[in-house]
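For reference, the chains in residue letters:
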Amino acid sequence: MQIFKVGGAVRDRLLGIPVTDVDRVVVGATTEEMLAQGFRPVGADFPVFLHPKTGEEYALARTERKSGRGYGGFTFHASPGVTLEEDLIRRDLTINAMAEDDQQNLTDPYHGQRDLEARILRHVSPAFAEDPLRVLRVARFAARYASLGFTVAPETLKLMRQLSESGELQALTAERSWKEISRALMEDQPQVFIQVLRDCGALKELMPEVDALFGVPQPEVHHPEIDTGLHTLSVLEQSALHKQPLTVRWACLLHDLGKGLTPEEEWPRHIAHEHTGLKLIKAVNERFKAPKDCQELALLVGKYHTHCHRALELKASTLLELLQSFDVYRRPQRFEEFIGACEMDARGRKGLEQRSYPQADYLRGAAQAAREVAVQPLLEKGFKGPELGEALKRERLKALKAYKDKASA
Ligand code: CTP
């Protein structure tokens with residue numbers, strides 16, 4: 001049997017990027033031979049094994065054929081007669097379809113190295129279309145390697161468009177899609193992921209609520225970039241520049257969905273978009289079964305982002321309501337993420353990226369003032385149950401009034 005490194009490990013070594021995860025393909029072996037050497041099978045009927053010591057993946061060379069809709073609809077053929085070239089041709093991109101042996105001798109039948117040098121993401125063969133998830137993968141690689149100058153080949157974009165228009169993306173499971181989306185959002189240029197999905201018509205299929213933001217104007221005084229879709233891309237870009245966590249990036253993507261629902265005659269204003277957007281945010285959250293913390297933050301940011309922008313003008317009672325809605329006493333981290341997302345929203349405006357955002361520290365200070373109200377003295381006065389809650393609220397309101405007075409003095 002012959003063993004080769006394949007896929008991302010070869011690609012990233014040639015790019016000079018640290019390799020994190022190594023996949024190997026085994027040519028000329030049977031399942032029985034693998035088991036006899038101590039390899040552990042990954043699934044009952046899939047020719048992938050884990051190395052007994054390193055835990056790394058070793059897959060028997062295989063060919064694949066699509067036999068139905070979605071990911072389940074696959075039949076594969078693995079036998080000692082399947083060649084390395086046959087295994088590589090079923091892969092997604094030329095830059096992912098190279099192999100190398102222990103001496104780093106490259107096998108590159110589909111010119112991955114040429115495309116690496118030319119900075120092109122190009123599909124290997126029409127077999128690309130057999131897995132619709134690859135539309136998301138290509139967009140993710142575009143986001144990851146954008147700073148190196150990579151773009152999607154026009155013929156690959158065309159194939160991605162055909163796949164998107166065929167309705168095949170609807171067959172993807174929430175789990176597979178979310179894995180790609182969440183990884184793409186954590187790349188350095190997550191806005192490129194959304195832009196590429198839009199360019200091939202996949203955004204309309206996957207997140208029509210986000211796609212609908214393109215072409216929707218906002219008032220130029222607040223939003224020099226005008227277009228809501230472009231604004232959303234800039235907010236995402238800022239979230240990556242400021243190294244925000246996934247929760248914040250997800251909230252950034254969805255914060256303005258309500259603007260896509262505004263009747264044209266009301267443009268460029270978007271009255272109450274914070275509220276109209278909530279059902280859309282909920283729908284996108286649920287479509288991809290986003291983790292609970294992502295779902296929660298997206299809804300809270302959607303509902304309250306304009307509160308944050310107007311923080312310095314809010315009455316003490318409104319400030320208190322905001323802090324209570326976030327349960328800022330027990331969930332300080334979530335409130336910090338909310339402030340982060342709102343700051344990215346403010347910075348994701350053309351020409352205003354560097355403008356200071358004093359609302360952030362102001363709200364941190366308000367949260368601190370409310371948190372410092374001690375419960376003990378109220379307990380000592382004999383308050384309990386709902387009355388204790390009311391007394392705490394009164395004390396917090398007092399503290400917030402004092403905080404406001406001090407801040408404006
Ligand atoms: N692959 C594919 N189609 C998919 C998933 C994977 O063709 N839908 C192939 C590609 O050749 C890829 C390899 O399997 O390079 C390994 O897949 P994976 O580990 O998911 O990705 P990597 O390319 O290693 O990239 P990453 O750095 O994102 O892990």
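Note: the structure precedes this text.
Read on for a plain summary of the structure. (Residues numbered from 1 in each chain as written. Predicted model: local features only at pLDDT ≥ 70, side-chain atom pairs only at ≥ 80, totals over all residues. Heavy atoms only, no water.)

1. Quick notes on the nonpolar core
So, point 1. Grouped together as the largest cluster of nonpolar side chains are 89 residues, with contacts concentrated most on Met207, Trp250 and Phe338.
So, point 2. Per-element accounting of this core gives the leading share, nine residues, to helix 5 (residues 133–145).
So, point 3. Among residues more than four places away in sequence, those in contact with methionine 207 are Ile181, Trp250, Leu253, Val284, Arg287 and Phe288.
So, point 4. Of all hydrophobic cores here, the second largest spans twelve residues; its members include Val25, Leu88, Ala99 and Val124. (Core = buried A, V, L, I, M, F, W, Y, C linked by side-chain atoms within 4.5 Å. Buried < 20%, exposed > 50% of the residue type's maximum accessible area, 1.4 Å probe, protein only. Helix = DSSP H or I, 4+ residues; strand = E, 2+ residues; numbered from the N terminus. Contact = heavy atoms within 4.5 Å.)

2. Focus: the state of the cysteines
So, point 1. The full count for this structure, using the stated rule, is zero disulfides.
So, point 2. No disulfide involves cysteine 252; its sulfur sits 8.5 Å from the nearest other cysteine sulfur, which is in cysteine 342.
So, point 3. This cysteine, cysteine 308, is not joined by any disulfide, and cysteine 342 carries the nearest cysteine sulfur, 3.8 Å off.
So, point 4. Taking the relative accessible area as the measure of exposure, cysteine 308 reaches 0% and is therefore buried. (Disulfide = S-S within 2.5 Å.)

3. Observations regarding the pattern of salt bridges
So, point 1. This model, assessed by the stated rule, comprises 27 salt bridges.
So, point 2. The residue glutamate 100 makes a salt bridge to arginine 13 at a minimum N-O spacing of 2.7 Å. With glutamate 100 in strand 8 (residues 99–100) and arginine 13 in helix 1 (residues 8–15), the pair connects residues that are 87 residues apart, well separated along the chain.
So, point 3. Taking relative accessible area as the criterion, glutamate 100 reaches 2% and is therefore assigned buried.
So, point 4. A relative accessible area of 30% means that arginine 13 is categorised as partly exposed.
So, point 5. Salt bridges linked by common partners bring Arg62, Glu64, Asp87, Arg90 and Arg91 together as one network. (Salt bridge = Lys/Arg side-chain N within 4 Å of Asp/Glu carboxyl O.)

4. A short note on the site of the ligand
So, point 1. The full set close to the ligand counts 14 residues, and Arg11, Asp92, Asp131, Arg140 and Arg144 are the nearest of them.
So, point 2. Between the ligand and the protein, one listed contact pairs an oxygen atom with a side-chain N or O atom of arginine 11 at 2.9 Å.
So, point 3. Contacts to the ligand include arginine 183, whose side-chain N or O atom sits 2.9 Å from an oxygen atom.
So, point 4. Protein coverage of the free-state accessible area of the ligand, which is 560 Å², stands at 80%.
So, point 5. More than half of the atoms belonging to the ligand lie within 2 Å of the grid points that define the largest pocket.
So, point 6. Those elements that place two or more of their residues in the shell around the ligand are helix 1 and helix 5.
So, point 7. Per-domain counts for the shell around the ligand show at least three residues from each of domain 1 (1–117) and domain 2 (119–206). (Near = heavy atom within 4 Å. Polar contact = N/O pair within 3.5 Å; in protein donor to acceptor, adjacent residues only side chain to side chain. Areas by Shrake-Rupley, 256 points an atom, 1.4 Å probe, with all protein chains shown as cover. 1 Å grid on protein atoms, 1.4 Å probe; cavity = no way out; pocket = protein on both sides within 12 Å on 5 of 7 lines; lining within 4 Å. Sits in = over half its atoms within 2 Å of the grid points. Domains from an automatic or database assignment.)

5. Things to note about the environment of proline 224
So, point 1. Take proline 224: it is sitting in the loop between helix 10 (208–211) and helix 11 (228–241).
So, point 2. Classification of proline 224 as partly exposed rests on a relative accessible area of 30%.
So, point 3. Linking proline 224 and arginine 349, residues 125 residues apart in sequence, is a C-alpha distance of 6.6 Å.
So, point 4. In this structure proline 224 touches Arg349, Lys350 and Leu352, once residues within four positions along its chain are discounted.

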